[in-house]
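# Geometric and topological summary
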Amino acid sequence: MGNADPLRFIRLLPSVQTGSELDAGIHIQGCDHGHNLVSIDGAPIYGANHLLGIFSVFNPSHFKTLDYSTTASMKSYLGGSLDMIPDRSTGGAGGGDLSIGPMAAQGTVRFSTGSKSAIAISGRKTFLNQMYRQYLKVDGDPFEYGFGDFNASWAMNTGADQVYADLFCSSDAAAYSSLNNNLNLDFGWEVGLAAVHWNHSAGEAMLKQTLFASSTSMKLGVEHMYDSGYIPSHTRHYGYEAAFSLGRLRAGASASFYDVLPQSGHSTSGYMQILGKEERQKALQGDLTAGWNSGLFLSHWSADIALKGSWYLSPERESFLSLSPAVSISYDMFRAGSLELKAGTATQNIFNTGVTSLGFPIEFNILAGRYGKPQTSVYGTLSYNLRFLHDAYSLSADLYGRRLGNQLEYCGTILDFLRNAQDLNSVLIRAEGWNYGLNLILHKQAGKLTGWISYSLGRSLRRSDDGDVFPSNFERIHELDAALTYSARKWDAGGTFIAASGTPFTVPEAMYISSGQILSRYGRHNGARLAPYIRLDLNFNWYFRNDGQVSHGINASLYNALARDNQLAYKYKFHDGAFAYRPFCFALKLMPGIGWFYKF
């Protein structure tokens, strides 16, 4: 769609399971989206997705670097990390870019505020409702959606000191009506971050400090038959982090305060009003870290060792202590490539769950405590990397395994919040998990034609307290990804291809009507799978000017060029006295786009 979106880029790597048009999550080595640290220069962001999985919340022109890792080392997350770094350059004449397409308009402007400081401002607004209203449907039912993003970053560099400030906010609004099911949804969510960074250096010593406030909130309005109400939730995280390094030694400390409201319904069921409990959860966490990097020793070997100690005070005022070691050992075989072994443990005190497995941001967070003990992970990865033909090509292979403890799976529906006084414990499955697999990627890094082809084989399994073993909602056992770009002087063209196994879902064994409402009795959790997901996207840029100072041209793209009806989920309908249970697909089989861009 004419955007170099960082999160869509990440989904093309073999270590990340691809999503669908309704799944905007990032699933690294079989982990849940909520297991990952998504951040701007280390400050965490919650709910870093727009609906449909087509756009992330990150305006790519605002950022200079994406740091990606399959492990969130020394952070309180079980999965990987994605850290977006804004352009911190100061001085200069400034610059910016603007692009306009059928789905959205976005722009960034950078300008100097002195010889040692600069500011960058970015914004984006979608036109989905205006341009695609008649096509934007789910199984024939009307669906409305729109979003907007805003970023501002300020940087000052005085030599020994660098001070940075970041402001980010994002808002989404959507509405859905299902006439056959007498269901109306009206929901919106907001994400925000404010952070200040101060880096001070003195010789080989460096002290980095960050103070941040991060939040996300959601309100869902529901009308179904005689039931109606709204379901609010929010997550707020306030924190301070400090990191000190001197040569090969490093140390750090952090403190966090969490304020979380899990979803809790306010509803009118028939003639009876039901008020949710709205149990706000508040918790504290403190961390101390230490690490050492050996550098190169014994000609071929290097090692990095780290240890994190954590204290967590739950909403019920119960204390939890944990130690999380991590080690990385590398062996350089020079022309024969290199080997690396990573292993360690991790803990996480915030759960992400929700009433749908489709990737809607109807998901919410729960703090460890009465609903479950802190999550745990033991992980290991063995990697082989080889560069050949004068570094024009690279080959990488990973074997990984993760053991997850104290996992929560949600098995309820939206209507549970409206018909009953909410009890999350009744709709949460306690589980343990195993993720394991193999990732392969061949990458061409030089020449006019660049890109990669990758394959992943992986399992993401969960076992409930009653012994039932089932795949996670996002498991894709096989996945093949390819991305190619050909660059010429006046134009470039690219394409991405995805072929992946279908994700699991739960099939109802029986459906019936009681008191005018459709009820279901479900079979084994995640006991069936959707059809394989296959998609080809094409992109073309023509440049009127492209000389290193100004880039000006037209972009044309085609999303799902094969016009394939990829299944998103199954749903049932009741029509003319009969039930129908069948898959539904994204209404827009083909999404063509044409846009104009100008960068200076």
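Check the entry above for the structure.
Residues numbered from 1 in each chain as written. Predicted model: local features only at pLDDT ≥ 70, side-chain atom pairs only at ≥ 80, totals over all residues. Heavy atoms only, no water.

### So, the pairing of strand E21 (residues 319-332)
Where strand E20 (residues 301-313) meets E21, 13 bridges bridge the pair, whose relative direction is antiparallel. Within E21, the position partnered with Leu 307 by the bridge is Pro 325. Between the antiparallel neighbours E20 and E21 lie five residues, among them Arg 317 with a positive phi of about 65 degrees. Sheet topology note: the E21/strand E22 (residues 338-348) ladder contains seven bridges and is antiparallel. Its bridge partner lying in E22, Ser 330 is registered against Glu 340. Once E21 ends, the chain turns through five residues before running back antiparallel as E22, passing Phe 334 with a positive phi of about 55 degrees. (Pairing = 2+ DSSP bridges. Helix = DSSP H or I, 4+ residues; strand = E, 2+ residues; numbered from the N terminus.)

### Thoughts on the packing of aromatic side chains
In total, this model carries 14 aromatic pairs according to the counting rule given. Relative to Phe 257, the ring of Tyr 238 has its centre 6.2 Å away and its plane inclined at 20 degrees; by these criteria the two rings are stacked. Residue Tyr 238 is located in strand E15 (residues 227-246), and its partner Phe 257 is located in strand E16 (residues 249-261); the two are separated by 19 residues in the primary sequence. Using a relative accessible area of 38% as the deciding quantity, one classes Tyr 238 as partly exposed. Both rings, one in Tyr 312 and one in Phe 320, keep their centres 6.1 Å apart while their planes meet at 35 degrees; by these two values the pair is tilted. Classification of Tyr 312 as buried rests on a relative accessible area of 1%. Residue class for Phe 320 comes out buried when judged on its relative accessible area of 18%. These aromatic residues form a ring-pair network of at least three members: Tyr 145, Phe 147, Phe 187 and Trp 189. (Phe/Tyr/Trp six-rings, centres within 6.5 Å; stacked < 30°, edge-to-face > 60°. Buried < 20%, exposed > 50% of the residue type's maximum accessible area, 1.4 Å probe, protein only.)

### Considerations on the pattern of salt bridges
Going through the model one piece at a time under the given rule, you end up with 16 salt bridges. With its nearest N and O atoms 2.7 Å apart, the salt bridge here joins Arg 88 to Asp 41. Placement of the pair is Arg 88 in the loop between strand E6 (81-86) and strand E7 (95-100) and Asp 41 in the loop between strand E3 (37-40) and strand E4 (43-44), with a sequence separation of 47 residues. Relative accessible area serves as the criterion here: at 13%, Arg 88 is assigned to the buried category. We classify Asp 41 as partly exposed; its relative accessible area is 21%. Glu 432 is the salt-bridge partner of Arg 403, the closest N and O atoms lying 3.1 Å from each other. With Arg 403 in strand E26 (residues 393-410) and Glu 432 in strand E27 (residues 428-444), this residue pair connects regions lying 29 residues apart in the sequence. Judged by its relative accessible area of 28%, Glu 432 falls in the partly exposed class. (Salt bridge = Lys/Arg side-chain N within 4 Å of Asp/Glu carboxyl O.)

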